[in-house]
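Residue strings, one per chain:
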Amino acid sequence: MNKKLITLAVQAAIAGSALLSILPTFAQEIDQVEKQIVSSKNTPEKKVKEIDEKITVTGSRLRRDNFNVSTPLVTLDKDDIEDSGLGELTEILVDGIPSLSFSTSNTSSQSSASSTGITTVQLRNLGSNRTLTLIDGRRVVSNSKSGNAVSLSTIPAGMVARTEVITGGNSATYGADAVAGVVNIITQTDKEGFSFKARGGESTDGEAREFTLDVNYGTSFANNKGYLYFSTNWDRQFGLRQEDRSRASIEADNGYDNDLMCNTISTAEGDVCLRDTTQDQWRSRSDGTFGGVFLESSNFDTQYWYDGTTLKDDWKGNEELYGIDSDQFVMLKVPSDRFSTALKVDFDLTDDVMFYSQIQVSGNFTDNLKTPEDSYEGEEATFTDRVTGEPGVVEAGYIPINNPYVPDVIRETASQYKDRIYWDRRFAEVGPVITENERITVRTWAGLQGTMFDNSWDWDVSVNYGRYRQDQLRKNEIDVFNLINALDAGYAEDGITIQCNDADARATGCVPINLFGEGSVTAEAANYIRANARLKTINELITFSGYMTGDLFELPAGSVPVVFGFEYRIDKQEAKTSDEFTYGGITANLIPSFKGQIKVAELFGEASFPLIRDASFAKHVSIETSGRVSQYDLNNIDIVGSYKLGFLWQVVDGLNIRGNWAIAQRAPSVGDIFEPLAGDFDSFDDLCDEVTATSTDLGHDNCRLIPEIAAEINTDPSFEFESEGNNYSPGAGNPDLEEEKGKTTTLGFTYQPAYLEGFQIAIDYFDITIDDAISAFSNERILEECYATDIVLGDENEFCDVITRNSEGQLTQVIQRSYNIDEVSTRGIDYALAYRHDLNNYGRLKFKMDWTHLLEYSNTSTGNEGKIKTDLVGFDDIFENSASASLTWSYEDLRISWRTKYLSSITDDRELQIEWEEDIVDNAERCSNGDEDCIANPESLAFQHFPSYFRHDISASYEVGMDNDMEVKFSGGIKNIFNDNGDFYVTSRGNYKSEYGGGVGRFFHLAVEVTF
């Protein structure tokens, strides 16, 4: 939102304790594993080890751990990463840090074309767009077309030294997108010598194999003035297919009968009560067979299908008996190949100035195989007219009854109704739909660091460039225009040759198509209807930045360190699409080309004020404040401010009380602003389905006012509208978006008792509220706000403006445009506990636990009928409790670690649960009235409630010293020792829940590392 600069200055003055309305913080520009600016390479080894026991808190140069900072901080070190035995960094972080969860992963992105192969995380379930991911303290280019999200698959686990996760609003310190917090990935940059590591693993149930190679080399040169570090990595994930797991082959299509009050399951005989079946009777099949289904309509008693090449006439009512399980083509975990190379060079130009640089190049390659395209006479594809630019929808249509390929028996039956052939067929001859993604990411930065004022102040200036390119090839889709031409076939003048009837189509290569029987589509016809669409996405980020830091003045309790800095960013995105995506008319989504950029200039700063020292019950009291002023070149966003105020009160030795209050901002991404209308087919129902002249269902009063439906009812009072189920719902950006505004409060304490050496505990309360959250209304909500409202259809209603119907009243389009519509709130408590114990001659023990307890996670949106608040704790993957714990025993060169991951019980579908509870109330009322329809013992929902989940892992490593300063380290372990895949989960791929491992099961891993 546009604000006057004077307003921001006043706000900043209040938040910054009258000092720092423009004092900046330059957190992201400080290298987390940096050496001292001057004479760093001569630091004694003992001193380095002491420093490494603390965490360099990004942006302050003060090395502190989670128990001695005002902002809650969670870390994973190199040992934690190695003990996991995994090659996928996202999995490692989510396993080890409860406040983190998957945004996308290789077990949850199978159905996505653009996200396959991307692995991103989110803090507090607030989305990856609101979680700022840094690499070595620096903002880096996004790996996503749909927002600012960094894929951790571009950062191999073998290159990572440690991670820091700072929760809560940190936009004042780090800039936009840090509304939920920051994930800082700190890579290996201080190694000396050469190391080689090979790692492999596989599920004990078979498949899900992984293999990784790491090569690293670090050395000083030019009399220790320079330092060079090189790292390269190759990682292959072999993936997991449906056929690899027997559980995944179980067909399950469940529901609930609110008359019989029983759970239902689909069988060959139809939907029956689950209690009356055995698992081998369950069916979930599609009519998209390889040979085709014909005349599947209520207008025909005889319906046909091909069993191979044999025509049969008993399809009617037997879809679940003869149909095909389309889930058999789904991958449970998408295979991927990843490589990365990094080069870092530092050089002391003088005693006071150092040049530093780094370049990282990574590649990610995935092939996601799906089922061959399943089409039917009602197959719709959106398109844009190449001449007028007008949007439209094309339908595959019926097979003409005089098509020469139609078998006589089908033609005779079809003549009983409208002389047309209904059809449904899976195009195996065209091939499986394959999404090939090639992603190349380049990140590079260079700068100068130095000291001034007799080494009392440090400074840094740098330039950062990042480029991400995604080349996507979507293979074996169907060109619906060509399919229409190919279905309209007839005899040539010779009475023998079958050809396309349309002369213009023949001139452009039309080949007639035969849909009757498996293998009936010729290679030439398959080539004619096949569509291979390409999408190229290019993201670029250019950053110029600088800062200076030092002690500004002295207070009685100590010096006041400050940081002043600036940053200028240019964020660009361009999407280039082939004609198939640009103009549409194919069975994939319509994706137009676009490009845009956002420029932002920022001033920021941080200061720490020591107020009290060595007083009774106030060993140390300090206030930390930071502020950032950002100017954007967007319509509705000009100057925005972010602020943070925190305190740390050391009551006595070992006992600290800490708190923070912050105002954070998230500006819209390039896609949020500039992306044009892009096609998508979602799953939703038309609220007006089954409307009649007297129906009383929700919204039907307004549905009867739809002109096309009103005309039908006027002509035939017994008319009942039947929705054809079109689910076209394109999304679009919005140039009028404003920034999101987040408010964060944290309050907690840390305790390290002197009487229990090595014990530490931290408990922090957090409260995050995001106003004007950028989101889109669901299709269901849009339909409800249009029809199920007191606003009469035809009066002004912005929700109705995005709904389009055709001449028969059928839905053709519901536009989901981004708006500042939501308020998202989450509250909870974080617990962190650590304990180290020396066993003298028997080694050392280390225990660590992190636990997050959610008190609230809610979404509030405003529509025509006012605000609607939805609390999701315990529903839809919002776990009330999540925790991770580890116990490690070290003895000389041997280390053994036990790790446990915990997720509390959860209810799968909130809306389904509410509907069931309403049915229970209705049934209870029938029973109290003595109604004969009363069900005495109604069933609870099946496959809906999932108990608490525990997963246990064990790992071990042993180092062997060799001659010539060579060391060999052997490591290995088992993830998910007890092979717990969670309860049967019918709404997810393969009946596995991705949070419970996605079907991988027990996984063993081995590694060997050679260092010299």
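Rules used throughout
Residues numbered from 1 in each chain as written. Predicted model: local features only at pLDDT ≥ 70, side-chain atom pairs only at ≥ 80, totals over all residues. Heavy atoms only, no water. Helix = DSSP H or I, 4+ residues; strand = E, 2+ residues; numbered from the N terminus. Rg over C-alpha atoms; globule rule 2.2 N^0.38 Å. Buried < 20%, exposed > 50% of the residue type's maximum accessible area, 1.4 Å probe, protein only. Contact = heavy atoms within 4.5 Å. Areas by Shrake-Rupley, 256 points an atom, 1.4 Å probe, with all protein chains shown as cover. Salt bridge = Lys/Arg side-chain N within 4 Å of Asp/Glu carboxyl O. Polar contact = N/O pair within 3.5 Å; in protein donor to acceptor, adjacent residues only side chain to side chain. Phe/Tyr/Trp six-rings, centres within 6.5 Å; stacked < 30°, edge-to-face > 60°. Lys NZ or Arg CZ within 6 Å of the ring centre and 35° of its normal. Pairing = 2+ DSSP bridges. Axes fitted to C-alpha atoms, helices over the stretch in contact; angles between N-to-C directions. UniProt positions renumbered as here; feature names shortened; annotations may be inferred. Disulfide = S-S within 2.5 Å. Patch = residues over 30% accessible without salt bridge, like charges linked within 9 Å, V, L, I, M, F, W, Y side chains within 5 Å. Lys, Arg positive; Asp, Glu negative; His and termini not counted. Charge placed at Lys NZ, Arg CZ, Asp CG, Glu CD. Core = buried A, V, L, I, M, F, W, Y, C linked by side-chain atoms within 4.5 Å. Arc of directions from axis to C-beta.

As for the overall build of the chain
Check the secondary structure of the chain and you find 16 helices and 54 strands. Its C-alpha atoms give the chain a radius of gyration of 31 Å, near enough to 31 Å, the size a compact globule of 1012 residues would have. Projected onto the principal axes, the alpha-carbon positions of the chain cover approximately 95 × 65 × 65 Å. For the chain, the residues scored as buried account for 56% of the 1012 residues in total. Taking all contacts inside the chain whose residues are at least 6 apart in sequence as the whole, residues at least 24 apart take part in 71%. Per element, the accessible surface of the chain, about 42300 Å² overall, is 51% carbon and sulfur.

So, the pattern of salt bridges
Counted under the stated rule, the structure contains 56 salt bridges. The partner of aspartate 177 in a salt bridge is arginine 139, with the nearest N and O atoms 3.3 Å apart. With aspartate 177 in the loop between α5 (171–174) and β9 (181–187) and arginine 139 in strand β7 (residues 138–139), the pair connects residues that are 38 residues apart, well separated along the chain. Under the relative-accessibility criterion, aspartate 177 is labelled buried at 5%.

Describing the side chain of asparagine 991
The residue asparagine 991 is located in the loop between β53 (967–975) and β54 (1003–1011) in this model. Take asparagine 991: its relative accessible area is 5%, and that puts it in the buried class. In this structure the side chain of asparagine 991 is engaged in a polar contact, spanning 3.0 Å, whose partner is the backbone oxygen of isoleucine 250. Ignoring sequence-local partners within four residues, the contact set of asparagine 991 consists of Arg247, Ala248, Ile250, Asp983, Phe984, Tyr985 and Val986.

Focus: the packing of aromatic side chains
On inspection of all chains with the given rule, the structure shows 26 aromatic pairs. For the ring pair tryptophan 282 and phenylalanine 943, a centre distance of 6.1 Å and an interplane angle of 80° mean the geometry is edge-to-face. One end of the pair, tryptophan 282, is in the loop between β16 (270–273) and β17 (293–294); the other, phenylalanine 943, is in the loop between α16 (910–928) and β51 (945–946), and 661 residues separate them in sequence. Given the relative accessible area of 9%, tryptophan 282 is considered buried. Where phenylalanine 300 meets tyrosine 417, the ring centres are 6.2 Å apart and the plane angle is 85°; that geometry is what we call edge-to-face. Pair noted here: phenylalanine 300 is in the loop between β17 and β18 (304–307) and tyrosine 417 is in the loop between α7 (408–414) and β27 (420–421), with a separation of 117 residues, a long-range link. Through a chain of ring-to-ring contacts, the aromatic side chains of Phe300, Tyr398, Tyr417 and Tyr422 assemble into a single cluster. Lying across the ring of phenylalanine 238, arginine 209 places its NZ or CZ 4.6 Å from the centre.

Thoughts on the sheet that holds β16
Across the sheet, which stays open at both edges, the three strands sit in the order β14-β15-β16 with antiparallel pairing between neighbours. The open sheet is flanked by β14 (254–257) and β16, the only strands paired with a single partner. When the angles between neighbouring strand axes are averaged without regard to direction, this sheet yields 40°. The pairing of strand β15 (residues 262–267) with β16 spans four bridges and is classified as antiparallel. Of the residues in β16, the one forming a bridge with serine 266 is aspartate 271.

Some remarks on the environment of glycine 794
The topology assignment puts glycine 794 in the loop between α15 (779–787) and β42 (803–805). A relative accessible area of 73% places glycine 794 in the exposed class. Counting along the chain gives 213 residues from glycine 794 to phenylalanine 581, while the straight-line C-alpha distance between them is 34 Å.

Thoughts on the UniProt feature "domain: TonB-dependent receptor-like beta-barrel" (unreviewed entry) in the chain
On the UniProt side, "domain: TonB-dependent receptor-like beta-barrel" (unreviewed entry) is annotated at positions that read residues 422–977 here. Summarising residues 422–977: 13% helix, 53% strand, and an end-to-end C-alpha distance of 52 Å.

Considering the sheet that holds β7
The five strands are arranged β3-β8-β9-β6-β7 in an open sheet whose pairing can be described as mixed. Each edge of the sheet is formed by a strand with only one pairing partner; in this case those strands are β3 (73–76) and β7. Here β3 runs beside strand β8 (residues 160–167); their pairing, made up of four bridges, is antiparallel. Residue leucine 73 lies in a different strand from β8, and its bridge partner there is isoleucine 166.

Observations regarding the state of the cysteines
Within this structure, the stated rule accounts for five disulfides. With its sulfur 2.0 Å from that of its partner, cysteine 688 forms a disulfide with cysteine 703. On the sign convention where negative is left-handed, the bridge of cysteine 688 and cysteine 703, at about -80° about the S-S bond, is left-handed. With cysteine 688 in the loop between α12 (670–674) and α13 (700–703) and cysteine 703 in helix α13, this pair connects stretches of sequence that are 15 residues apart.

Quick notes on the pairing of strand β37 (residues 639–652)
Relative to β37, strand β36 (residues 618–632) runs antiparallel, the two sharing twelve bridges. Among the inter-strand pairings, valine 621 is bridged to a residue of β37, identified as tryptophan 649. From the end of β36 to the start of β37, which pair antiparallel, there are six residues. Between β37 and the antiparallel strand that follows it, strand β38 (residues 655–666), lie two residues; glycine 654 among them carries a positive phi value of about 95°.

Side note on a negative patch on the surface
A contiguous patch of negative charge on the surface is contributed by Asp876, Asp909, Glu915, Glu917, Glu918, Asp922 and Glu925. With respect to the element layout, aspartate 909 can be found in the loop between β50 (906–907) and α16. Overall, aspartate 909 belongs to the partly exposed group, its relative accessible area being 30%.

Here we look at a nonpolar patch on the surface
Residues Leu845, Leu887, Ile896, Trp898, Ile954, Ile974, Phe978, Phe1004 and Leu1006 make up a contiguous nonpolar surface patch of about 760 Å² in total accessible area. Those elements that place two or more of their residues in the nonpolar patch are β49 (894–903) and β54. Relative to the elements of secondary structure, isoleucine 954 occurs in strand β52 (residues 949–961).

A short note on the environment of tyrosine 632
Within the secondary structure layout, tyrosine 632 lies in strand β36. Spatially, the C-alpha atom of tyrosine 632 lies 9.8 Å from that of arginine 569, the residues being 63 residues apart in sequence. Apart from residues lying up to four places away in sequence, tyrosine 632 is in contact with Ala176, Arg569, Ile598, Lys599, Val600, Ile637, Asp638, Val640 and Ala667.

A few points about the environment of alanine 924
With respect to the helices and strands, alanine 924 occurs in helix α16. Sequence-wise, alanine 924 and serine 626 are 298 residues apart; in three dimensions their C-alpha atoms are separated by 58 Å.

Describing the nonpolar core
Counting 45 residues, the largest nonpolar core has Leu93, Leu100, Val183, Ile185 and Tyr857 as its most contacted members. For this core, the secondary structure elements donating two or more residues are β3, α4 (89–96), β5 (120–123), β8, β9, β22 (353–372), β41 (759–775) and β46 (844–863). Apart from residues no more than four positions distant in its own chain, leucine 93 is found in contact with Leu76, Leu100, Leu152, Thr163, Val183 and Ile185. Among the nonpolar cores identified, the runner-up in size contains 35 residues, and Phe383, Trp423, Ala486 and Ala525 belong to it.

Concerning unusual backbone geometry
Look at arginine 124: it is not a glycine, yet its phi comes out positive at around 60°. Following the sequence through the fold, arginine 124 ends up in the loop between β5 and β6 (131–135). The exposure class assigned to arginine 124 is buried, which follows from its relative accessible area of 5%.

Observations regarding helix α8 (residues 480–487)
For α8, the complete set of buried residues consists of Val480, Asn482, Leu483, Ala486 and Leu487. Looking down the long axis of α8, one finds its buried residues gathered within 155° of arc, a one-sided arrangement. For α8, the side-chain oxygen to backbone nitrogen distance between the N-cap and phenylalanine 481 is 3.1 Å, and the N-cap itself is aspartate 479.

Re the pairing of strand β30 (residues 457–478)
Strand direction decides the pairing type here: strand β29 (residues 432–452) and β30, joined by 19 bridges, are antiparallel. Looking at the pairing, threonine 441 lines up with tyrosine 468 of β30.

What about the side chain of aspartate 850?
In this fold, aspartate 850 is placed in strand β46. Notably, aspartate 850 is buried but unbridged: the nearest opposite-charge side chain belongs to lysine 848, and the N-O separation is 4.4 Å. The contact partners of aspartate 850, leaving out residues within four places of it in the chain, are Val74, Gly96, Pro98, Tyr831, Ala832, Ser882, Ala883 and Ser884.

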